[in-house]
Amino acid sequence: MRSLPLPLALTARLLPVAVLASAGWALASGPFAASPAGEADNKTASDRPSTSPTAPSTASASQTYRVSPKPCEGLGKKTVTSLVPGAKAAGKEIPSSDESVRRTCSWNALKGFDYRWLDVSYEIKKTDQTAATAYKERITKQSGGGAVPGLGDEAYSVVNLTTEDKQQTREGMVIARASNALVVITYNGSDFETKKAPSTDEINKGAIKAAKEAVAALEKAQ
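Predicted model, so just to flag it, every value in this text is computed and none were measured.

*Asks:* Help me understand the overall build of the chain in this model?
*Replies:* Secondary structure summary: the chain contains six helices and seven strands in total. Reading the chain from its N end, one meets helices and strands in the order α-α-α-α-β-β-β-α-β-β-β-β-α. The proportion of buried residues among the 222 residues of the chain is 41%. For the chain, the exposed surface amounts to about 12,700 Å²; the carbon and sulfur share of it is 54%.

Written out as structure tokens, the structure is:
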């Protein structure tokens, strides 16, 4: 069966990914944690413990995750080939301005008439609270989904259907928080022969499967 070229809308998607990576990822680290307010006491200067300007901050010392793992190693070969048939298992990492803050790997392939795209992204925040705030902001913008129990400290999945030039594309997103880290999965697909999209169940289950494996890889890498 012959392969068809990608529609313009899907082909163009490859270009803005790198642009968004450099433009948006600088903001992904979140605000620095506020310094704790001082407590009033009656201690004299000699009673108070001395501080050193070189001592590590409490937030830094308590970080569960310090750096992002290698994103293209976040999923096993079996998972990649099942979710993105025809894709190279090694994946392609998208350049980041700060790899300690955010790293993303992508897989995409057209096999016959079926197209699949999968992204795995790791984001490391300064504190658990910063990550929790970012998580809430993300899920607020992705209405219509629901919680995913048993995934990280909290997780959310949502699936949306879009149609352009009579071609359907169904995309699923899973956002999971594990302590001070966010794991974001984007998974979509189209059938260029029928112009229909894969079912909601297929895309949702695929995205959740990838998210569980990616979170496990995050925990193992530390």
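*Asks:* Is there a simple way to explain the sheet that holds strand β5 (residues 154-164) in this structure?
*Replies:* Neighbouring strands of a sheet are bound in pairs by backbone hydrogen bonds; such pairs are parallel or else antiparallel. The strand order across the open sheet formed by seven strands is β1-β2-β3-β7-β6-β5-β4, and the pairing between neighbours is antiparallel. Of all the strands in the sheet, the pair left with one neighbour each is β1 (92-94) and β4 (146-147). Pairing of β5 with strand β6 (residues 167-178) involves eleven bridges; the strand directions are antiparallel. Residue pairing across strands places Tyr 156 opposite Ile 175, the latter belonging to β6. Helix α5 (residues 128-141) rests against β2 (102-111), β3 (114-124), β5, β6 and β7 (181-191) of the sheet, and its axis sits at about 155 degrees to β6. Relative to β7, helix α6 (residues 200-221) is tilted by about 150 degrees, and along the sheet it contacts β3, β5, β6 and β7.

*Asks:* Explanation requested: the pairing of β6 in the structure shown.
*Replies:* Look at any regular strand and the pattern is simple: side chains alternate between the two faces of the sheet. Counting buried residues along β6, eleven of its twelve residues qualify, which places the element largely inside the surrounding structure. Remark: two residues form the turn of the hairpin made by β5 and β6, two consecutive strands paired antiparallel; Asp 165 in that turn has positive phi of roughly 55 degrees. The pairing of β6 with β7 spans nine bridges and is classified as antiparallel. In the sheet register, Glu 171 faces β7, and the bridge partner there is Asn 188. Counting the residues between successive antiparallel strands, the hairpin from β6 to β7 contains two residues, one of them, Ser 179, with a positive phi of roughly 55 degrees.

*Asks:* Would you mind going over α5 with me for this structure?
*Replies:* For the α-helix, the turn length of 3.6 residues means that residues three or four positions removed from each other point alike. For α5, built from 14 residues, the straight-helix expectation of 20 Å at 1.5 Å per residue is met to within 8% by its first-to-last C-alpha distance of 20 Å. Buried-residue contacts for α5 involve β5, β6 and β7.

*Asks:* Help me understand the state of the cysteines in this model?
*Replies:* A covalent bond bridging the sulfur atoms of two cysteines is what the word disulfide describes. With the rule as written, the count across this model stands at one disulfide. The disulfide bridge from Cys 72 ends at Cys 105, spanning 2.0 Å between sulfur atoms. In this structure, the disulfide formed by Cys 72 and Cys 105 twists by about 95 degrees around the S-S bond and is classed as right-handed. Pair noted here: Cys 72 is in the loop between α3 (58-61) and α4 (77-83) and Cys 105 is in strand β2, with a separation of 33 residues, a long-range link. Since its relative accessible area comes to 17%, Cys 72 is described here as buried.

*Asks:* Would you mind going over the environment of Lys 88 with me for this structure?
*Replies:* Here Lys 88 is to be found in the loop between α4 and β1. Residues Lys 88 and Trp 107, 19 residues apart in the sequence, show an inter-C-alpha distance of 7.3 Å. Filtering out sequence-adjacent residues up to four positions away, Lys 88 remains in contact with Val 80 and Trp 107.

*Asks:* I would appreciate a short explanation of the pattern of salt bridges in the present structure.
*Replies:* Oppositely charged side chains can form a pair if their charged atoms are brought close together. Across all of its chains, the model carries nine salt bridges by this definition. Here Glu 93 makes a salt bridge to Arg 103, at a shortest N to O gap of 2.7 Å. Taken together, the residues span a long stretch of sequence, with Glu 93 in strand β1 and Arg 103 in strand β2 at a distance of ten residues. You can call Glu 93 partly exposed: its relative accessible area is 27%. With a relative accessible area of 13%, Arg 103 lands in the buried category. Residues Arg 116 and Glu 202 are paired through a salt bridge, measuring 3.2 Å at the closest nitrogen-oxygen approach. With Arg 116 in strand β3 and Glu 202 in helix α6, the pair connects residues that are 86 residues apart, well separated along the chain. Residues joined by salt bridges that share partners form a network here, namely Arg 102, Glu 123, Lys 125 and Arg 138.

The rules behind the values
- Residues numbered from 1 in each chain as written.
- Predicted model: local features only at pLDDT ≥ 70, side-chain atom pairs only at ≥ 80, totals over all residues.
- Heavy atoms only, no water.
- Helix = DSSP H or I, 4+ residues; strand = E, 2+ residues; numbered from the N terminus.
- Buried < 20%, exposed > 50% of the residue type's maximum accessible area, 1.4 Å probe, protein only.
- Areas by Shrake-Rupley, 256 points an atom, 1.4 Å probe, with all protein chains shown as cover.
- Pairing = 2+ DSSP bridges.
- Contact = heavy atoms within 4.5 Å.
- Axes fitted to C-alpha atoms, helices over the stretch in contact; angles between N-to-C directions.
- Expected span 1.5 Å × (residues − 1).
- Disulfide = S-S within 2.5 Å.
- Salt bridge = Lys/Arg side-chain N within 4 Å of Asp/Glu carboxyl O.

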